[in-house]
Amino acid sequence: MKKILVTGAAGDIGSRLRKLLPAVYPAIRWSDIRTPADLAASEEFVAADLSKMDDVEKIVQGIDGIVHLGGFSVEGPWDTILQSNIVGTYNMFEAAYHANVKRVVFATSNHAVGFYPRTQRIGVNVTVRPDSRYGISKAFGEAVGAFYADKHGLRVTCLRIGNVADAPLDQRRLAIWLKPEDLVQLIRIGLEHRDIQFEIFYGASNNAAAWWDNSNAQRYGYHPIGKGDDYRAEAMAAQAKLPPDPVGDRFQGGPFCTEEYDADRKP
């Protein structure tokens, strides 16, 4: 990769990557709809609204690989999700194709499969079961990535990210925690592994409580260094202070499943 583009530069994950990725990829263009407050003079930044194709076409020029984090990162009104995550993701893949970008790493989410029960361990070859409009948009992004890989030859890796943080903060996140350095490892596989065409990986570290079979990532050389169990005592102490959530505690998507859950119409 001579030069990569990272969208979502002002978000939490983007801010973490701005500290970690330059050691691996010296030529990076960062982008977001807003300028990061701590942007350094040495960082190349181009503002873009992903729902506007002209903006997206501008930021992909001269780029070899894209790490697409940009969009609305939580549940929201349909029109917000539509413009930021659905139109924006389509625009990114379409512009990347026409600009001859070689690879795209798409930050999808565990919320694309959030309505699987916590008692069920799942791999990547399962039917999507989104827990929110946000989850729907991520399932859409995975489908768009597969289309551009199969029809147009982009090399696409979709990362169903759990929770990126310094440590897991509660019981749910003991299962889905992703150490930032492990995210970098997954991104590197997506941007560099010669055998990638289209793949889905789970964005999770080495968590004993994991609900996900991440053997697909492991067969491409993923060896996570983070261990959720190292923080079990602290996470469970924090969990004990949280109120019970009869819906969210059943499903992998947690509170995303609870919001707007129509219990009266469930069988």
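Before reading further, recall that the structure is shown in the block above.
Residues numbered from 1 in each chain as written. Predicted model: local features only at pLDDT ≥ 70, side-chain atom pairs only at ≥ 80, totals over all residues. Heavy atoms only, no water.

Participant: Can you walk me through the environment of Ile196 in this structure?
Facilitator: With respect to the element layout, Ile196 can be found in the loop between helix H6 (180–192) and strand S9 (198–203). Since its relative accessible area comes to 0%, Ile196 is described here as buried. Considered as a pair, Ile196 and Val156 are 40 residues apart in the sequence and their alpha carbons are 7.2 Å apart. With near-sequence residues (within four places) excluded, Ile196 lies in contact with Arg103, Arg155, Val156, Thr157, Ile189, Gly190, Phe201 and Tyr220. (Helix = DSSP H or I, 4+ residues; strand = E, 2+ residues; numbered from the N terminus. Buried < 20%, exposed > 50% of the residue type's maximum accessible area, 1.4 Å probe, protein only. Contact = heavy atoms within 4.5 Å.)

Participant: How should the side chain of Ser205 be read in this particular structure?
Facilitator: Examined against the element boundaries, Ser205 turns out to sit in the loop between S9 and helix H7 (215–218). A distance of 2.8 Å separates a polar atom in the side chain of Ser205 from the backbone nitrogen of Lys179. Looking at Ser205, its side chain comes within polar contact range of the side chain of Asp182, at 2.6 Å. Setting aside its immediate chain neighbours within four residues, Ser205 contacts Trp177, Leu178, Lys179, Asp182, Tyr222, Pro224 and Gly226. (Polar contact = N/O pair within 3.5 Å; in protein donor to acceptor, adjacent residues only side chain to side chain.)

Participant: I would appreciate a short explanation of the pairing of strand S6 (residues 155–161) in the present structure.
Facilitator: Successive side chains on a regular strand alternate, one facing one side of the sheet and the next facing the other. By the criterion of burial, S6 is predominantly enclosed, with six of the seven residues buried. The sheet contact formed by strand S5 (residues 103–109) and S6 spans seven bridges and is parallel. Bridging from a neighbouring strand, Thr108 pairs with Arg160 of S6. Read as a crossover between parallel neighbours, the route from S5 over helix H4 (residues 133–152) to S6 is right-handed. As paired elements, S6 and S9 share six bridges and run parallel to each other. Each residue of the ladder has a partner; that of Val156, found in S9, is Phe198. (Pairing = 2+ DSSP bridges. Right-handed = clockwise from strand over helix to strand, strands pointing away.)

Participant: Where do I start with the pattern of salt bridges in this structure?
Facilitator: Pairs can form between side chains of opposite charge once their charged atoms are near each other. Counted according to the given criterion, the structure contains 15 salt bridges. Here Arg133 and Glu260 are joined by a salt bridge, their closest N and O atoms 2.8 Å apart. With a gap of 127 residues between them, Arg133 in helix H4 and Glu260 in the segment after helix H9 (255–258) connect regions that are remote in the sequence. The partly exposed category is assigned to Arg133, whose relative accessible area is 23%. Asp170 is the partner of Arg173 in a salt bridge, and the nearest nitrogen-oxygen pair spans 2.9 Å. Taken together, the salt bridges that share partners define one network made up of Lys3, Arg29 and Glu44. (Salt bridge = Lys/Arg side-chain N within 4 Å of Asp/Glu carboxyl O.)

Participant: So what exactly am I meant to see when it comes to the sheet that holds strand S1 (residues 4–7) here?
Facilitator: Hydrogen bonds along the backbone pair up the strands of a sheet, which may run parallel or antiparallel. Taken in spatial order, the seven strands of this open sheet run S3-S2-S1-S4-S5-S6-S9, and their pairing is parallel. Since the sheet does not close on itself, it has two edges, and those belong to strand S3 (44–47) and S9, each with one partner. Strand-to-strand twist across the sheet, computed as the mean angle between neighbouring axes with direction ignored, equals 20°. With four bridges connecting them, S1 and strand S2 (residues 28–32) associate as parallel partners. Counted as the bridge partner of Leu5 is Arg29 from S2. (Axes fitted to C-alpha atoms, helices over the stretch in contact; angles between N-to-C directions.)

Participant: Mind showing me how you'd approach helix H2 (residues 53–60) here?
Facilitator: Because an α-helix packs 3.6 residues into every turn, residues spaced three or four apart end up facing the same way. Listed in full, the buried residues belonging to H2 are Val56, Ile59 and Val60. In a view along the axis of H2, the buried residues occupy a sector of 95°, so they form one face of it. Contacts made by the buried residues of H2 are with S1, S2, S3, strand S4 (65–68) and helix H3 (78–98). Gly62 sits one or two residues past H2 and shows a positive phi near 75°. (Arc of directions from axis to C-beta.)

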